[in-house]
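Here are the chains, one letter per residue:
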Amino acid sequence: MTTSRTLVQGALAASLLFGTLPAAEAAPADKLVIEAGRIITQAGDDIENGVIVVENGRITAIGAAADVEKPWDAPVVGGPDFVAAPGFVEAHSNRGMDRSNENLDVTPFLNVRDSIDPVNFYFEDCKRWGITTINVQQGNNTVVAGNGRIVKPTGMTVEEMTVRPNYGYKISLAPKSGKSRATQRQTLTRAFGDLRRDLEGKAAEAKQQADYDRREALGQGREQEGADAPGRAMGGTGWTIEGLELVDRADIDEKVLPLLEMVEGRHDVFLYCGAPMDVAPAIDFATANGLLARTTLVLDDSCWKAADAIAAAGLSVVLDSNLVHVEKDPVTEEETETFVPGVFAEKGIPFALASANNSTNSLWFQAAVCVGHEHRDAGRDTGGDDRLAAL
């Protein structure tokens, strides 16, 4: 009986498998060749008897063994009995940091780079769980959180782990500890309102100074020096400030500059909704501030009830690790279970999964549940056994 094994994709595969190579066969650690009897690519049909070439942590070639040139100095792992498959991507996580949130409400000037601990056990566990990429964002107990980062779970420094630095910001519509929903939204509205008023004031001052300089130059019969605008016009699809091109961006407080860049559509935003009642305000907030095009909703499992509004807004979502929402009737005490991914799939809403552990809330288990649920429904539709493909 042949045993089929799964290799982890890309840079993670290299880090896991180098240790199995005899020292005499060791090659530069920036190259690796993976041979497999079957390669699952997610980009088309499976590749039989294929080869994957990894250089500097990136896949540079993949295909049938006869069609791929293998570097002569790269170690070769795997073989015909192996199956190579893409690793899991953790679409949203606040693990791997020394703390997931700060006490301050609005902290876009912070960066998770300073909180990520490369030797945190979570990253070591990710290697065992087949997770190759993690979108690290601060937790939901915030109003506006710090700048996130996409990392891989290998490397002894944050720089070695980094796939994409300075990626995304978390904003929460659900109340953080000690706040009600009213005070949460008031704090969020005030943060962007204060930004707008501050920029309007700076633009007015700059315009007034530019007019004074122009009149002075005319009165002295000379050309105005430094007539070119020191800044740039404000972009974005929400509100804009006329005359902001007269303001040097270096004169804008670095604590609020990230908020301006969000409004201009220069950053992805992860909006957390802890209940269905948060979804409509989240969409309104994102629309008013020009964030909608780059917004992804991070949802509690109960937010499936707002799926129609989410579909109408054209947003993608990251689902809670609990895929089944259970609700008890207050009168009959009967429980109703709703398979959350099924609701979003039916509405045509793109969704990603997020894990919480390595068992029933893991990415592999969640993916299997989604596939099993789909096949089970297909069995019911065709009059077959409703246990078809169930776990």
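Throughout, residues of each chain are indexed from 1 in the direction in which the sequence is written. It should be noted that, the model being predicted, local features are given only for residues of pLDDT at least 70 and side-chain atom pairs only at 80 or more, the latter also being counted only at that level, while totals for whole chains, interfaces and linings use all residues. Processing note: side-chain calculations cover all non-hydrogen atoms of the structure and skip hydrogens and water entirely.

**Q** Which parts of the structure should I look at to understand the sheet that holds strand β17 (residues 351-352)?
**A** Sheet strands pair via backbone hydrogen bonds, and the direction of the pair is either parallel or antiparallel. A pair of strands counts as paired when DSSP detects no fewer than two bridges linking them. Only DSSP runs of H or I reaching four residues or more are called helices, and only runs of E reaching two or more are called strands; each is numbered from the N terminus. The strand order across the open sheet built from 6 strands is β8-β11-β12-β13-β14-β17, with neighbouring strands paired in mixed fashion. Strand pairing shows two members of the sheet lacking a second neighbour, β8 (144-147) and β17, which therefore form its edges. Both strand β13 (residues 295-299) and strand β14 (residues 316-318) contribute to a ladder of 3 bridges, which runs parallel. Considered in β14, the bridge of valine 298 is made with valine 318. Should any heavy atoms of two residues lie within 4.5 Å, those residues are considered in contact. Fitted lines through C-alpha atoms serve as axes, helices being fitted only where they are in contact, and the angles separating the N-to-C directions of these axes extend from 0 to 180 degrees. Each of β11 (169-172), β12 (269-273) and β13 is contacted by helix α6 (residues 279-288), which is oriented at about 155° to β12, the strand it contacts most.

**Q** Would you mind showing me how to read the sheet that holds strand β10 (residues 162-164) here?
**A** Spatial ordering of the open sheet is given by β6-β7-β9-β10, a layout of 4 strands whose pairing is mixed. Of all strands in the sheet, those bounded by a partner on one side alone are β6 (88-93) and β10. Going across the sheet, the axis of each strand differs from the next one's by a mean of 25°, ignoring polarity. Summarising the sheet, strand β7 (residues 131-136) and strand β9 (residues 149-151) pair through 3 bridges and their orientation is antiparallel. Within the sheet, the bridge partner assigned to isoleucine 134 lies in β9 and is valine 151. Against the sheet, helix α2 (residues 121-129) engages β6, β7 and β9, with an angle of about 140° to β7.

**Q** So what exactly am I meant to see when it comes to the packing of aromatic side chains here?
**A** How two aromatic rings sit relative to each other is set out by the distance from centre to centre and by the angle between their planes. What counts as a ring pair is set by centres within 6.5 Å for rings of Phe, Tyr and Trp (its six-membered ring), and what kind of pair is set by the plane angle: stacked under 30 degrees, edge-to-face over 60, tilted for all other angles. Applying the stated rule across the entire model yields 5 aromatic pairs. Between the aromatic rings of tyrosine 167 and phenylalanine 270, the centroid separation amounts to 5.9 Å while the plane-to-plane angle is 70°, which identifies the pairing as edge-to-face. Of this pair, tyrosine 167 sits in the loop between β10 and β11 while phenylalanine 270 sits in strand β12, placing them 103 residues apart in sequence. Here the two residues tyrosine 167 and phenylalanine 270 agree in accessibility, since each one is buried. Here the term buried applies to any residue with accessible area under 20% of the maximum for its type, exposed to any over 50%, and partly exposed to those in between, with areas from a 1.4 Å probe on protein chains only.

**Q** Hey, could you run me through the environment of aspartate 117 in this one?
**A** With respect to the helices and strands, the residue aspartate 117 is situated in the loop between β6 and α2. The partly exposed category is assigned to aspartate 117, whose relative accessible area is 30%. Sequence spacing of aspartate 117 and threonine 157 is 40 residues, and the spatial spacing of their C-alpha atoms is 8.3 Å.

**Q** Looking at this model, I keep getting lost on empty space enclosed by the protein. Mind explaining?
**A** Taking a probe equal in size to a water molecule and rolling it over the atoms shows the remaining empty space. In the cavity and pocket records, a cavity denotes points on a 1 Å grid over the protein atoms alone where a 1.4 Å probe fits but cannot get out, a pocket denotes an open set with protein on both sides within 12 Å along at least 5 of 7 lines, and lining residues are residues with an atom within 4 Å of a point. Grid points are joined across faces, edges and corners, and a volume is the space filled by probe spheres set on the points. For the structure shown, the criterion picks out 1 cavity of 30 Å³ or more. Counted as a void, the largest cavity has a volume near 30 Å³. Contributing to the lining of the largest cavity are Phe88, Trp129, Ile131, Ser355, Asn357, Asn358, Ser362, Leu363 and Trp364. Only Asp, Glu, Lys and Arg are considered charged, only Ala, Val, Leu, Ile, Met, Phe, Trp, Tyr, Cys and Pro nonpolar, and every remaining residue, Gly among them, polar. Grouping the constituent residues of the lining of the largest cavity by class yields 5 nonpolar, 4 polar and no charged.

**Q** Where do I start with the pairing of β12 in this structure?
**A** Where a strand is regular, its side chains alternate between the two sheet faces. Extensive coverage of β12 is indicated by the burial of 5 of its 5 residues. Covered by surrounding structure in β12 are Val269, Leu271 and Cys273 together with Phe270 and Tyr272, the residues of both alternating faces. Both β11 and β12 contribute to a ladder of 4 bridges, which runs parallel. Bridge pairing links lysine 170 to phenylalanine 270 in β12. Where β12 and β13 come together, 5 bridges link them in parallel fashion. The partner of leucine 271 across the bridge, within β13, is leucine 297.

**Q** Is there a simple way to explain α2 in this structure?
**A** Helical geometry: 3.6 residues make up each α-helical turn, so side chains three or four residues apart lie on a common side. Buried within α2 we find Tyr122, Phe123, Cys126 and Trp129. Around the axis of α2, the buried residues are gathered within 115° of arc, so they sit on the same side. Away from its buried face by more than 90 degrees, α2 exposes Phe121 and Arg128. In this fold, the buried residues of α2 make contact with β6, β7, β9 and α3 (158-161). The distance from a side-chain oxygen at the start of α2 to the backbone nitrogen of tyrosine 122 is 2.8 Å, and the residue carrying that oxygen is asparagine 120. The directions from the helix axis to the C-beta atoms form the arc being described. Contacts described as polar in this section are N or O atom pairs within 3.5 Å, which, within protein, must combine one atom able to donate a hydrogen with one able to accept it, while residues neighboring in sequence count only if both atoms come from side chains.

**Q** Help me out: how do you make sense of the nonpolar core in this one?
**A** Note on soluble globular proteins: their nonpolar side chains tend to be buried together. Definition of nonpolar core: a set of buried residues of the types Ala, Val, Leu, Ile, Met, Phe, Trp, Tyr and Cys, connected through side-chain atoms within 4.5 Å. Ranked by size, the top nonpolar core spans 64 residues in total, and within it Ile171, Phe192 and Leu297 carry the most contacts. With 7 residues, helix α4 (residues 181-219) is the largest single contributor of residues to this core. Apart from residues lying up to four places away in sequence, isoleucine 171 is in contact with Val143, Val144, Leu188, Phe192, Met262, Val269, Phe270, Leu271, Tyr272, Phe285 and Leu291. Of all hydrophobic cores here, the second largest spans 10 residues; its members include Ile52, Val54, Val77 and Phe82.

**Q** Where do I start with the pattern of salt bridges in this structure?
**A** Between side chains of opposite charge, a pair can form as their charged atoms come close. We count a salt bridge whenever a side-chain nitrogen from Lys or Arg sits within 4 Å of a carboxyl oxygen from Asp or Glu. A full pass over the atoms with the stated rule returns 21 salt bridges. Close ionic contact of aspartate 105 with lysine 176 constitutes a salt bridge, the shortest N to O distance being 3.1 Å. Linking aspartate 105 in the loop between β6 and α2 with lysine 176 in the loop between β11 and α4, this pair joins segments that are 71 residues apart in sequence. Accessibility expressed as a relative area gives 7% for lysine 176, which makes it buried. Of the charged contacts in the structure, one is a salt bridge between glutamate 261 and arginine 266, with a shortest N-O distance of 3.7 Å. Within this structure, Arg249, Glu261, Glu264 and Arg266 form a network of salt bridges that share partners.

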